[in-house]
Structure formats: structure tokens, C-alpha cells
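This is what each chain is made of:
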Amino acid sequence: MIARLTGTLAETTADSAVLDVAGVGYQVLASARTLDALGPIGGTVMLLTEMQVREDSMTLFAFGTAGERESFRHLTSVQGVGGRVALAILSVLDPAELAAAVSRGDKAMVARANGVGPKLAMRIVNELAGKLGNPALAATAGTPLAKGGAAQDALSALANLGFKPADASAAVAAALADLGDAATLDALVRRALRKAAK
């Protein structure tokens, strides 16, 4: 299972990017939101990934935040929502907006995505009700991970301690807000653990 990739951005298209990782080019499909945040060709990028294996294909999906990947996993658990449809939804709704739409039962908001009709939007809203968590927490789970450094290491540390990705992201984001971007890894992890315990 490929969980994340760090490498040089080699090319982008409307719905995908190619990352050069130690001489191997990985093609990843991503939401428009993630692709827009990648920066220039030739830059170093870190992306979280989710691999889907089918009888006739293997597809790697990429995300700029842990919150987006968590939302993708929930979306693809709904019957009729494949990876590309989930990315289409995440292109128009960030994790916080998706959580808010589901908590309000707002199927029209979900149906704004390409390939999502009223029936599928209703199924998504019904099946994900109560699963996406608090919309306010989802907003903090959207902290970009592309910057790497201490924040990324803190996320890994919390994940190794058994925290769910969305919970780890929320705790690290809150710790970063308190301590600032210059915080050390040790200070971030300690503060994030305190935040997670509340």
C-alpha cells in the first residue's frame, strides 16, 4: 500500500499529476483543489495517497490534506461513488463544506459536482450522516501537508500512536495555530497530544 509520495512535480493535467520519486514517475489522480495547490513544475511536493486495485487497473489517488483523504474514503464507501466521482465532489466541496452539507442534509450542494445526480446525492447525504464528524473540526483537518517539516512529522507521530488521520490533523492544526510555524517537532507533538485529549 502506497500511503504517501514525496518527489518532484513533473507534469500536471486537468485531473492528474506525475510525481518523479527517485527516477520513477507516479501518475496520481487528484481533485482540482489539490492540483491547484501543487505549485510550479519542478517543485518538491508531498502528497498523501490512496491506492485502489480493480481487476483491470490500479489507480493512485492523491490528496493535499489528511482531511481530504479521509473524506475521499468515506465517499467511496457509498455505493455508486467511485474514485473519480469522489474527486469531483472534493473539487467543489472541501472537507468542511462536505461535512456541513451532509450534516444539513443538503443534497443540492453535493449534486453540484460533475457526475452526481439527485439520487446519488441523496444516497451520499443519507449514508454519510454522522460519519464525517463536526464541520468545524473538518475545517481544521484541512491543513495542507505539502509544506512537510515538523508538522508532517507530528502527524506521523500521532498516526503511529493510533490516532485517526482526521483527528491527528485537527490536533496538529490546533497546535500549529498556538505555537506558530517555527515550532519544534517535540513542542508540536506535546501540544497536539494535549489538544487531542480535550
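Residues numbered from 1 in each chain as written. Predicted model: local features only at pLDDT ≥ 70, side-chain atom pairs only at ≥ 80, totals over all residues. Heavy atoms only, no water.

A.B. asks: How should I be thinking about the overall build of the chain in this particular structure?
C.D. replies: A count of helices and strands for the chain gives 10 helices and 5 strands. Across the 198 residues in the chain, those meeting the buried criterion constitute 42%. Taking as baseline every contact in the chain between residues at least 6 positions apart, the subset at least 24 positions apart corresponds to 55%. Taken as a whole, the chain presents about 10000 Å² of accessible surface, with 53% of it coming from carbon and sulfur. (Helix = DSSP H or I, 4+ residues; strand = E, 2+ residues; numbered from the N terminus. Buried < 20%, exposed > 50% of the residue type's maximum accessible area, 1.4 Å probe, protein only. Contact = heavy atoms within 4.5 Å. Areas by Shrake-Rupley, 256 points an atom, 1.4 Å probe, with all protein chains shown as cover.)

A.B. asks: Can you help me understand the sheet that holds strand β3 (residues 24-30) in this one?
C.D. replies: Two strands in a sheet stick together by hydrogen bonds in their backbones, pointing the same way (parallel) or opposite ways (antiparallel). One closed barrel holds the 5 strands; their spatial order is β1-β2-β3-β5-β4, and the pairing between them is mixed. Direction aside, neighbouring strands of the sheet carry axes that sit 55 degrees apart on average. For strand β1 (residues 4-12) and strand β4 (residues 44-53), the ladder comprises 5 bridges, and the chain directions are antiparallel. Bridge assignment links L5 to a residue of β4, and that residue is L47. Where helix α2 (residues 66-76) meets the sheet, its contacts fall on β4 and β5 (58-63), and the angle it forms with β4 comes to roughly 15 degrees. (Pairing = 2+ DSSP bridges. Axes fitted to C-alpha atoms, helices over the stretch in contact; angles between N-to-C directions.)

A.B. asks: What is the right way to look at the environment of L9 in this model?
C.D. replies: Its place among the elements puts L9 in strand β1. The spatial distance from the C-alpha of L9 to the C-alpha of V21 is 9.0 Å, given a sequence separation of 12 residues.

A.B. asks: Explanation requested: the packing of aromatic side chains in the structure shown.
C.D. replies: Two numbers describe a pair of aromatic rings. These are the distance of the centres and the angle of the planes. Counted under the stated rule, the structure contains 2 aromatic pairs. Ring centres 5.0 Å apart and planes at 40 degrees place the aromatic pair F61 and F72 in the tilted group. One end of the pair, F61, is in strand β5; the other, F72, is in helix α2, with 11 residues separating them in the sequence. F72 sits in the buried class, given a relative accessible area of 0%. Here the aromatic rings of F63 and F72 are separated by 4.9 Å at their centres, their planes lie at 55 degrees, and the arrangement is tilted. (Phe/Tyr/Trp six-rings, centres within 6.5 Å; stacked < 30°, edge-to-face > 60°.)

A.B. asks: In this structure, what is going on with unusual backbone geometry? I would like to understand it.
C.D. replies: Trans is the common state for peptide bonds, and a negative phi is the common state for residues other than glycine. Positive phi is not limited to glycine here, since A22 has a value of about 55 degrees. By the element assignment, A22 lies in the loop between β2 (16-21) and β3. With relative accessibility at 80%, the residue A22 sits in the exposed group.

A.B. asks: Help me understand the pairing of β5, please; the structure alone is not making it clear to me.
C.D. replies: Along any regular strand the residues' side chains alternate between the sheet's two faces. Relative to β5, β3 runs parallel, the two sharing 2 bridges. Looking at the pairing, A30 lines up with A62 of β5. Counting the residues that bridge the hairpin from β4 to β5 gives 4 residues.

A.B. asks: I tried to follow the confidence of the model for the chain on my own but got confused; where do I start?
C.D. replies: Detail in the predicted coordinates should be disregarded across regions flagged by low pLDDT. Per-residue pLDDT for the chain has a mean of 84; in total, 89% of the residues score no lower than 70. Averaged pLDDT values for the elements of the chain fall to 44 in helix α7 (residues 135-140) and rise to 96 in β3. Every residue in residues 134-147 is under pLDDT 50, and counting partners more than four places away or in other chains gives 34 contacts. (pLDDT = per-residue confidence, 0-100.)

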